[in-house]
Amino acid sequence: MKKRLYTLLLLALGVVPGALSQSMIISGGGDHAIALCSKGQIFAWGRNTGNRLCLQGADASKDIVSTPSLVNTGNLTFSMVSAGSGGHSVALSCNNVVYCWGANDYGQCGRPGAAKSIIEGGEPVPVYHGEAPGYNLDGTPGGDYLGNVKYITATSGASLAILNDGTGRCVVWGGNEESIPGKFLSKQTDTPVFIRDAKTNQPIENIIHVTGGDNNILFIVGDSPDAKVGTVYSMGNWNGRGGGGGAAEYTAAPVEIGDGTGEASSGTYLTNVRTSGLSDAGGFAVDGITGYVYAWGNNGWWGSCGLQLQYPASSILYAEKVTAGEYKDVSGELFLTDAVQVIGGNGSGTAVTNEGYVLYWGSNEAVDGKNAAGGVIPNTSYAKNNTKTAHTTQSVGPVFANYCAGEHGNAKETRVDDAVAIARGDLFGFLVNKDGDFYVWGTTQLPDKSGDAGTLGTGKTSEVSTCFKKIEIVCTPQDLCPEAYMVGPRYKCPGVTDTLYAGFTPLNDREDVYFYRWSKDGVVLNSVKSTDVEELRTLLTERKADKYNTPLLPVSEAGHYRVDIYYVGLNVPCDNCPDTYAE
């Protein structure tokens, strides 16, 4: 009988999985976009009526700003940003207090809502704490504001925040965007209230990720606030458990996996999920072990679920696997796998794979610059004047995205193969690549078809880009905060070597600002033993000589392995990243 070797094998799930799905360093809404620089400054562009973007100088009086412009933050610095589709923005300060600016029609900025209201004063305002514990603006407890927060996101008419108090509870404030079908809240709330379990009516705990869409929200609920994967809960439009949604008293319930038809449940919940995304008419989730992408919603909306034509119903009421499409030539599988991130737009979805490919599925309606009902395929060979396809990817499934000619050192349009992360806008989206550069694709058209708003950030008020083009932001882009991620266990025969992957790979030429600390059965393997970030910064030579300071660790011995990743640079907002580990 062969002996078994017990190791923790890491699936190569790429870089920073899930970190940029809707929040963090760049984010798009319906009519604007925002980006975060290395020292915590914020840039914004798009519709600026009434200076809703809180810009400075001459741009403050412009209704449309088509290039990134500095936001007046009142000398505050921020660590995270999120743009709502309804025209508001949310940010997390270095003191972990939540701020908001822009539209407040539904109380999404935490102020009493009024029709067509905009936050006044020309700078972001702090959000009141509501049901959550109160904090002062300096982050100390006992004040009036929403603090001690670790993650934020924005929907069309609401905002959400996950608390960092050891409970993993999440609060929501705002209301339903009236121009969008369906509701996720039974009534508007101008101050934060806890998200509750639909069965127990108690605040849901251990929420590790939240995604906001158009009158719909997804939560990933783990077995602890620091879990790597969890079960997807939903509330609102296209809920993934048999219905089109329906408002309840701030409650959520689990999404269910379908039986292969899209019309009936298999009786199991959608679990082991690492990250999620939302379109205007459905949801997406990435399995943290296999990398499969699941989708549910209105697949009749130009194939927005990525399920091609094999499903008998256009309404996918339960979660089903997205088909591989063009990625089949890489994976050899029928379904899209190896994904590390997924986002949704109007009538579309987009995913990043562990190789750095970007796959898009759904609508191509906005490509002609006239009809903004859906999105734009980021691949010029699928333009409407090409015979390959016209309005949608529905007949072929997910297709590869391309860099524009001349945009990435290439003479011709070429396939994206170095993506780190993507971020959504309604009819446009962003890419961060291994060089740390920002790229954009899509259209400047507004979803309500009322005109253009310069949302691509390229200097043009009206534009359609059918491939990724670079945008310039006049600041230093930040380093990526590491996120360790490993899955297992796996059994191997003695003598067989596996390579453990820490789940994070730095940007090009930024390897020296990270330190990987590996241990086996509680014993540190590295020659550098320090865990003090200040000291680690002085030990560059020693860290370079440490053979265990690597994201890839070959192992042949049985044991329990753990990796801690420390950021030792100074090129991030607030000058620090949270420590992260996986085991």
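**Side note on the overall build of the protein**
Move 1: Along its length, the protein carries three helices and 43 strands.
Move 2: For the protein, buried positions account for 61% of its 583 residues.
Move 3: Of the contacts made within the protein by residues no fewer than 6 positions apart, 58% connect residues no fewer than 24 positions apart.
Move 4: Carbon and sulfur atoms make up 48% of the accessible area of the protein, which amounts to about 20,700 Å² in all.

**A short note on the side chain of Ser69**
Move 1: Positionally, Ser69 belongs in strand β5 (residues 64–70).
Move 2: In this view, Ser69 contacts Ile42, Phe43, Ala44, Leu55 and Asp59; residues no more than four positions away in its chain are not counted.

**Overview of the side chain of Arg111**
Move 1: With respect to the helices and strands, Arg111 occurs in the loop between β8 (98–102) and β9 (125–126).
Move 2: Of the buried charged residues, Arg111 lacks a salt bridge, with Asp144 as the closest side chain of opposite charge at 9.7 Å.
Move 3: With near-sequence residues (within four places) excluded, Arg111 lies in contact with Asn104, Ile119, Val125, Pro126, Val127, Tyr128 and Asp190.

**Regarding the pairing of strand β14 (residues 170–174)**
Move 1: The element β14 is largely enclosed, with a buried count of five among its five residues.
Move 2: In the sheet, strand β13 (residues 158–163) pairs with β14 via five bridges, with the strands oriented antiparallel. Across the sheet, residue Ala161 finds its bridge partner in β14, namely Val171.
Move 3: Hairpin connection from β13 to β14: six residues lie between these consecutive antiparallel strands, with Gly166 at a positive phi of about 90 degrees.

**With respect to the pairing of strand β33 (residues 419–424)**
Move 1: Summarising burial for β33: six of the six residues are buried, a large majority.
Move 2: Taken together, the five bridges between β33 and strand β34 (residues 428–433) define a ladder with antiparallel strand orientation. Bridge assignment links Arg424 to a residue of β34, and that residue is Gly429.
Move 3: Where β33 folds back on β34, the antiparallel hairpin that results is connected by three residues.

**Observations regarding the state of the cysteines**
Move 1: The tally for this structure, following the rule as stated, stands at five disulfides.
Move 2: Through a disulfide, Cys37 is tied to Cys475; the S-S separation comes to 1.7 Å. On the sign convention where negative is left-handed, the bridge of Cys37 and Cys475, at about -75 degrees about the S-S bond, is left-handed. A residue pair is termed long-range when its members are at least 10 positions apart, and Cys37 in the loop between β3 (32–36) and β4 (42–47) and Cys475 in the loop between β36 (464–470) and β37 (490–492) qualify at 438 residues.

**Section: the confidence of the model for the protein**
Move 1: Across the protein, the average pLDDT comes to 87, with 89% of residues at or above 70.
Move 2: For residues 1–23, every residue scores under 50 in pLDDT, and the model assigns this stretch 117 contacts once sequence neighbours within four places are set aside.

**Regarding the environment of Ser66**
Move 1: Looking at where Ser66 falls in the secondary structure, it is placed in strand β5.
Move 2: For the pair Ser66 and Gly459, spaced 393 residues apart in sequence, the C-alpha separation works out to 4.7 Å.
Move 3: Contact partners of Ser66, with chain neighbours within four places excluded, come to Gly454, Gly457, Thr458, Gly459, Lys460 and Thr461.

**Concerning the pattern of salt bridges**
Move 1: Following the criterion strictly, the structure yields 15 salt bridges and no others.
Move 2: As a salt-bridge pair, Asp31 and Arg47 come within 3.6 Å of each other at their nearest N and O atoms. Remark: Arg47 occurs in strand β4 and Asp31 occurs in the loop between β2 (26–28) and β3; sequence separation between them is 16 residues.
Move 3: The salt bridge involving Arg274 is made with Glu483; its shortest N-O contact spans 1.6 Å. Here Glu483 lies in the loop between β36 and β37 and Arg274 lies in strand β23 (residues 273–279), a separation of 209 residues in the sequence.
Move 4: The structure contains a network of salt bridges with shared partners spanning Lys520, Asp521 and Glu557.

**Quick word on the sheet that holds strand β43 (residues 580–582)**
Move 1: As summarised here, the arrangement of the four strands in space is β40-β39-β42-β43, forming an open sheet in which the pairing is antiparallel. With one partner strand each, in any of the chains shown, β40 (523–524) and β43 form the two edges of the open sheet.

**Some words on the packing of aromatic side chains**
Move 1: Taken as a whole, this structure holds 14 aromatic pairs when the rule is applied.
Move 2: Centroid distance Trp45 to Phe430: 6.0 Å. Interplanar angle 90 degrees. Geometry classified as edge-to-face. Separated by 385 residues along the polypeptide, Trp45 in strand β4 and Phe430 in strand β34 bring together distant segments of the chain. Taken as a pair, Trp45 and Phe430 share a single burial class, namely buried.
Move 3: With 5.2 Å between their ring centres and 70 degrees between their planes, Tyr357 and Phe400 make a pair best called edge-to-face.

Reading the values: the criteria
- Residues numbered from 1 in each chain as written.
- Predicted model: local features only at pLDDT ≥ 70, side-chain atom pairs only at ≥ 80, totals over all residues.
- Heavy atoms only, no water.
- Helix = DSSP H or I, 4+ residues; strand = E, 2+ residues; numbered from the N terminus.
- Buried < 20%, exposed > 50% of the residue type's maximum accessible area, 1.4 Å probe, protein only.
- Contact = heavy atoms within 4.5 Å.
- Areas by Shrake-Rupley, 256 points an atom, 1.4 Å probe, with all protein chains shown as cover.
- Lys, Arg positive; Asp, Glu negative; His and termini not counted.
- Salt bridge = Lys/Arg side-chain N within 4 Å of Asp/Glu carboxyl O.
- Pairing = 2+ DSSP bridges.
- Disulfide = S-S within 2.5 Å.
- pLDDT = per-residue confidence, 0-100.
- Phe/Tyr/Trp six-rings, centres within 6.5 Å; stacked < 30°, edge-to-face > 60°.

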